[in-house]
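An overview of the molecular structure
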Amino acid sequence: MSDTTDVEDVESFAARARAWLAANMPRPPDESRRDPSDDSDEEELRRVARSRRLQRLLYDGGFAGICVPSAYGGQGLTLAHQLAFNEEIADYDYPTETQLPTFTPCLPVILEFGTEDQKNTHIPPMLRGETAWMQLLSEPSGGSDVAAALTTAARDGDEWVLNGSKIWTTGAWWADWGLCLARTNWDVPKHRGLSVFMLDMHQPGIEIHRIEMLNGSREFCQEFLTDVRVPESLRVGAVDGGWTVGVRWMLHERTVLGQSPYVTGEPVRRRLGQGPGGGVAPLLQRARDLGLLTDPKASELIGEVFAMSVVGSTLGSHIAEGIRTGRLAEDAGAITRLYVGTSAVRNASIAFELAGLSAIAWSDSEAELGKRGIDYLMRQAACIGGGTTEMSRNVISERVLGMPRERAFDRDVPFRDVPRSAPQR
Ligand SMILES: Cc1cc2nc3c(=O)[nH]c(=O)nc-3n(C[C@H](O)[C@H](O)[C@H](O)COP(=O)(O)OP(=O)(O)OC[C@H]3O[C@@H](n4cnc5c(N)ncnc54)[C@H](O)[C@@H]3O)c2cc1C
């Protein structure tokens, strides 16, 4: 990450960042405290545009891509600089929609596996906020078994022709580029026949359908790829070597919830209401409004939320430090991912319980309490997006603790011969 050993010390970098932020960065607007799932398409596009502007502001100020090598437009500094910057920027507005998955996992995948030309072409526009990326991994046939992708890429001269469908892609309808995992070989076991491609989302053959979630949000998409032509120059990593890329890709995805060197601030926690204070302030306010401040059960629940927020941030730093020093396997990021998911579910349940009956049936004037009911119904999403908590538990037992791998009947079978319900190619 760091370009040279002669880098600015973290303290003076933090002081410089503090002064620059005070002079340049806006405070989060009140609307950022609103539930983004209420947004119309126009409002969502406005949030995306604001996110791009904030990213450009960081770039112009010399604070974009703190850990990205300067050769690709970054600052060439260290994780310690990024973490110091995260502390300084905590009370300011910062890019959310365009940061994830653009800066993690897409950017580190390109940094690790991209050619010089791919890095020079694609990383600087990301840092300037000009291109937003997304990840095309999950398929209608299943998302946990990523290596069982059915979307196919067939070689045709200097191009690849992609056919298939990807699903649950957050923000695909406004994104510019996607990283796509596709099958390039059906005659070898599933992990050995995959390749990764960069996909220009504005090209012919990509049809994007929006999916409405239970809370009304339409940020999820399903993409249908029909004879999508991708030049060989946009393949990332080796032909049939996509699983090597994919393993690192998913590892970087798990750092989204911990301490990624490439993410500014804590956009996921901010969105889940787990930022500084851990969502305690709104709960306290609600308890005050409902006359529950002296209620022993309410005190117990609010205390639990506060404890979870303290544990969450301490755990994140502890795991990140363990990985950095080599004390923990890199896959230990799955521990943070597991905790963020399970604590988000508990937080939503507590907020629901405190809101009382109005979270089940509410009048117009109680819409805020009604939202706690919707959040309660949506709570499991935090345990699914970014890989499920069940899969995190598997990663922790197998790759962190070294326990035996779960049995798989399809590991050594040519993928073409693996029984499946989807149509055989
Ligand atoms: C908020 C959100 C954002 C998302 N964004 C994206 C995105 O941008 N791009 C993208 O590609 N996908 C995205 N997804 C999809 C997500 O990655 C998948 O939903 C997830 O990987 C699970 O896949 P699935 O839904 O197909 O469930 P399945 O894989 O069908 O699994 C069903 C259930 O079985 C469990 N299970 C499966 N296999 C095992 C196993 N081996 N051991 C134990 N339990 C197992 C799972 O944990 C789950 O509970 C997003 C999902 C959410 C909720």
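Scope of this entry: the structure provided in the associated data block. In this text, all values refer to a predicted model and were calculated from it rather than measured experimentally. (Residues numbered from 1 in each chain as written. Predicted model: local features only at pLDDT ≥ 70, side-chain atom pairs only at ≥ 80, totals over all residues. Heavy atoms only, no water.)

**Quick notes on the overall build of the protein chain**
Put simply, the rule reads: Numbering goes from the N terminus for both helices and strands, where a helix is a DSSP run of H or I of at least four residues and a strand is a run of E of at least two. For this measure, only C-alpha atoms enter the radius of gyration; the expected value for a globule follows 2.2 Å times N^0.38, where N is the number of residues. By definition, residues are in contact when any of their heavy atoms lie within 4.5 Å. Each accessible area value is a Shrake-Rupley result obtained with a 1.4 Å probe; residue values ignore everything except the protein chains displayed when judging cover. In this count, Lys and Arg are taken as positive residues and Asp and Glu as negative ones, while His and the chain termini are left out. Charge positions are represented by NZ for Lys, CZ for Arg, CG for Asp and CD for Glu.
Summing up its helical and strand segments, the protein chain has 12 helices and 8 strands in all. Computed over the C-alpha atoms, the radius of gyration of the protein chain is 22 Å, within 12% of the 22 Å expected from 2.2 N^0.38 for a compact globule of 425 residues. Intrachain contacts of the protein chain at a sequence separation of at least 6 include 73% that bridge at least 24 residues. Summed over all atoms, the accessible surface of the protein chain reaches about 19700 Å², with 54% contributed by carbon and sulfur. Measuring between centres, the 45 positive side-chain charges of the protein chain sit 3 Å from its 59 negative side-chain charges.

**Re the site of the ligand**
What counts is decided by this rule: For this description, a residue counts as near a given molecule or strand if any of its non-hydrogen atoms is within 4 Å of it. Polar contact is the term for a pair of N or O atoms within 3.5 Å; when the atoms are in protein, one must be able to donate a hydrogen and the other to accept it, and sequence-neighboring residues count only if both atoms are side-chain atoms.
Contacts to the ligand come from 19 residues, most closely from Ser138, Gly143, Ser144, Trp168 and Thr388. Interatomic distance of 2.9 Å between a backbone N/O atom of Gln135 and a nitrogen atom of the ligand. In this structure, Thr388 approaches the ligand through a side-chain N or O atom, which is 2.7 Å from an oxygen atom. Here the ligand loses 66% of its free accessible area of 970 Å² to cover by the protein chains. Elements with a contribution of two residues or more to the shell around the ligand: β3 (159-170) and α12 (389-400). Counting residues per element, the shell around the ligand draws most heavily on β3, which supplies 4 residues.

**Description of the pattern of salt bridges**
Definition in use: One speaks of a salt bridge when a side-chain nitrogen belonging to Lys or Arg is within 4 Å of a carboxyl oxygen belonging to Asp or Glu. Burial classes: relative accessible area under 20% of the type maximum marks a residue as buried, over 50% as exposed, and values in between as partly exposed (1.4 Å probe, protein chains only).
Inspection of the entire model under this criterion finds 28 salt bridges. Arg218 serves as the salt-bridge partner of Asp41, at 3.7 Å between the closest nitrogen and oxygen. Of the two residues, Asp41 is situated in helix α2 (residues 41-60) and Arg218 in the loop between β6 (206-211) and β7 (220-231); the sequence distance between them amounts to 177 residues. Among the residues examined, Asp41 registers a relative accessible area of 25% and is labelled partly exposed. Residue classification places Arg218 among the partly exposed positions, given a relative accessible area of 33%. One network of salt bridges, with partners in common, ties together Arg56, Asp60, Arg128 and Glu130.

**As for empty space enclosed by the protein**
Condition: Note on definitions: the grid is 1 Å and covers protein atoms alone; a cavity is a set of points where a 1.4 Å probe fits but cannot get out; a pocket is an open set with protein on both sides within 12 Å along at least five of seven lines; lining residues have an atom within 4 Å of a point. Grid points are joined across faces, edges and corners, and a volume is the space filled by probe spheres set on the points. All residues other than Ala, Val, Leu, Ile, Met, Phe, Trp, Tyr, Cys, Pro, Asp, Glu, Lys and Arg, Gly among them, are scored as polar; the first ten of these are nonpolar and the last four charged.
As enumerated under the stated definition, the model contains 2 cavities of 30 Å³ or more in all. Within the residue set of the lining of the largest cavity, elements represented by two or more residues are α2 and α4 (102-113). Taken together, the residues of the lining of the largest cavity break down into 8 nonpolar, 5 polar and no charged. As for the second largest cavity, its lining consists of Arg52, Gln55, Thr98, Thr102, Phe103, Met126, Gly129, Thr131 and Ala132. Looking at the lining of the second largest cavity, the elements that each hand over two or more residues are α2 and α4.

**Here's the deal with the environment of Arg248**
With respect to the helices, strands and loops of the structure, Arg248 is situated in helix α6 (residues 242-255). In this structure, the C-alpha to C-alpha distance between Arg248 and Leu107, residues 141 residues apart in sequence, is 12 Å. If sequence neighbours within four positions are ignored, Arg248 has contacts with Glu112, Phe113 and Glu330.

**Observations regarding the packing of aromatic side chains**
This is how the line gets drawn: Here a pair means two rings of Phe, Tyr or Trp (six-membered ring of Trp) with centres within 6.5 Å. Their orientation is stacked below 30 degrees between planes, edge-to-face above 60, and tilted elsewhere.
Within the structure shown, the criterion is met by 9 aromatic pairs. Consider the rings of Phe352 and Tyr376, whose centres lie 4.1 Å apart with planes at 10 degrees: the pair is stacked. Residue Phe352 is found in helix α10 (residues 333-355), and its partner Tyr376 is found in helix α11 (residues 367-378); the two are separated by 24 residues along the sequence. Since its relative accessible area comes to 21%, Phe352 is described here as partly exposed. Taking the relative accessible area as the measure of exposure, Tyr376 reaches 24% and is therefore partly exposed.

**Looking at the environment of Arg210**
Here Arg210 is to be found in strand β6. Residue class for Arg210 comes out partly exposed when judged on its relative accessible area of 22%. Between the C-alpha atoms of Arg210 and Leu301, which are 91 residues apart in sequence, the distance is 37 Å. Look past the residues within four positions of Arg210 in its chain and what remains in contact with it is Asp41, Trp173, Arg218, Phe220 and Cys221. A distance of 2.9 Å separates polar atoms of two side chains, one belonging to Arg210 and the other to Asp41. A polar atom in the side chain of Arg210 sits 2.9 Å from the backbone oxygen of Arg218.

**Some points on α11**
Going by this rule: The length a helix should cover is 1.5 Å for every residue beyond the first.
Its 12 residues place the ends of α11 16 Å apart at the C-alpha level, agreeing with the 16 Å of an ideal helix rising 1.5 Å per residue. Within α11, the full set of buried residues consists of Leu369, Gly370, Lys371, Arg372, Gly373 and Met378. Looking at the buried residues of α11, the elements they touch are α8 (280-289) and α10.

**Observations regarding the pairing of strand β5 (residues 194-200)**
How we decide: Pairing between two strands requires that DSSP report at least two bridges joining them.
Most of β5 sits inside the fold, with 6 of its 7 residues counted as buried. Across 2 bridges, β5 lies against strand β8 (residues 235-236) in antiparallel orientation. Its bridge partner lying in β8, Val196 is registered against Val236.

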